[in-house]
Amino acid sequence: MSQQPLERITIEPQSQCRACVIWLHGLGDSGAGFAPVVPLLGLPDDLGVRFIFPHAPNMPVTINQGYVMPAWYDIKGMDVDNRADMAGVLASELAISALIEEQIASGVPSNKIVLAGFSQGGVMSLFTGLRFAQRLAGIMALSCYLPTGHVMPDNLNEANRNTPLLQQHGEQDEVVPLALGRAAYDLISKAGYSSEWHTYPMGHSVLPNQLQEIGQWLKARLSE
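Structure report, in brief. Because the structure is predicted, anything quoted here is derived from the model rather than measured.

Attention shifts here to helix α2 (residues 120-131). Because each turn of an α-helix spans 3.6 residues, side chains separated by three or four positions in sequence point in the same direction. Taking 1.5 Å of rise per residue, the twelve residues of α2 would be expected to cover 16 Å, and the 17 Å separating its terminal C-alpha atoms lies within 8% of that figure. Most of α2 is tucked away: twelve of the twelve residues are buried. Every buried residue of α2 is accounted for by Gln120, Gly121, Gly122, Val123, Met124, Ser125, Leu126, Phe127, Thr128, Gly129, Leu130 and Arg131. Where the residues of α2 are buried, they touch β2 (19-24), α1 (86-105), β6 (113-118), β7 (138-142), β8 (165-170) and α3 (178-190).

Okay, structure coming up:
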């Protein structure tokens, strides 16, 4: 698969760009799905945060009867240990890592870049962030799981050993069961990473008060 740069929506800060949040959408969505959250995060203008909302490529998704839709990887079934098509995960990791490298090349230091994602996007933010070779400011994973199921991914990079993680999940999530998110958090914590775990009374979605807390977490990460 040739690596084309990911198409994306970019929202530039009012002030000079000093930091970047790359936010990955879920299955069947696009970068436009989360772009409206930026004002709701309440970040101060002087942080200079650029937001990038990339669009996943279109592909057939087995669990959805092979329908072609935006996806970071194919979902083969419900079994957590064989749910994610790892070839697709690795291809998306390359494209997302290239996007991070592009931001570094543009002058944003890696330790001022947060990798965030929801659902499939959260799976990719965890997988890519934990394996990325330069220190990130933070890794945020909403309503998701580890693509490797009940084991940590291979080739974890020490660069992000101490990077703060934020994991959040809906208590009534009908798409990604709460237990899958909790199992990922337990594995990550047991492996010695510093992650925060929060649950909310919601399904597979994001709540306004949750966005306020995300904004506070982002501000703390990007002010350091």
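Let's shift gears to unusual backbone geometry. Phi is positive for Ser119, which is not a glycine, with a value near 60°. By the secondary structure assignment, Ser119 is in the loop between β6 and α2. On the basis of relative accessible area, Ser119 is assigned to the buried category, the value being 9%. A positive phi angle, near 55°, is found at Asn155, a position not held by glycine.

Now for the nonpolar core. Ile22, Trp72, Tyr73, Ile96, Ile100 and Leu126 are the most contacted members of the largest nonpolar core, which has 42 residues in total. Elements with a contribution of two residues or more to this core: β2, β4 (58-61), α1, β6, α2, β7 and α3. Membership of the second largest hydrophobic core comes to 25 residues, among which are Phe51, Phe53, Leu166 and Leu218.

Let's shift gears to the packing of aromatic side chains. Counting across every chain of the model gives five aromatic pairs. Residues Trp23 and Phe34 carry aromatic rings whose centres are separated by 5.3 Å and whose planes lie at 25° to one another, so their mutual orientation is stacked. Here Phe34 lies in the loop between β2 and β3 (49-54) and Trp23 lies in strand β2, a separation of eleven residues in the sequence. Given the relative accessible area of 1%, Trp23 is considered buried. Overall, Phe34 belongs to the buried group, its relative accessible area being 8%. Ring plane angle 55° and centroid distance 5.4 Å describe the contact between Phe34 and Phe118, whose orientation is recorded as tilted. Pair noted here: Phe34 is in the loop between β2 and β3 and Phe118 is in strand β6, with a separation of 84 residues, a long-range link. An aromatic cluster is defined as three or more aromatic residues linked by ring pairs; in this entry it consists of Trp23, Phe34, Phe51, Phe53 and Phe118. Across from the ring centre of Tyr193, 4.4 Å away, lies the NZ or CZ of Arg161, which sits over that ring.

Calculation notes
Counting restarts for each chain, with residues numbered from 1 along the sequence as it is written. Selection of residues for local features in this predicted model requires a pLDDT of at least 70, selection of side-chain atom pairs for listing and counting requires 80 or more, and totals for whole chains, interfaces and linings are taken over all residues. Side-chain calculation: all heavy atoms of the structure are included, whereas hydrogens and water are not. For helices the rule is a DSSP run of H or I covering at least 4 residues; for strands it is a run of E covering at least 2, with both sets numbered from the N terminus onward. The span expected for a helix works out to 1.5 Å for each residue beyond the first. Buried residues are those whose accessible area, probed at 1.4 Å on protein chains only, stays under 20% of the maximum for their type, while exposed residues exceed 50% and partly exposed ones sit between those limits. Residues are treated as being in contact if the distance between any of their heavy atoms lies within 4.5 Å. By convention a nonpolar core is built from buried Ala, Val, Leu, Ile, Met, Phe, Trp, Tyr and Cys residues, the set being connected through side-chain atoms within 4.5 Å. Any pair of Phe, Tyr and Trp rings, taking the six-membered ring for Trp, is counted once the centres come within 6.5 Å. Such a pair is stacked with planes under 30 degrees apart, edge-to-face with planes over 60 apart, and tilted for the rest. Only Lys NZ and Arg CZ are tested; either one counts as a charge over a ring when it is within 6 Å of the ring centre and within 35 degrees of the ring normal.

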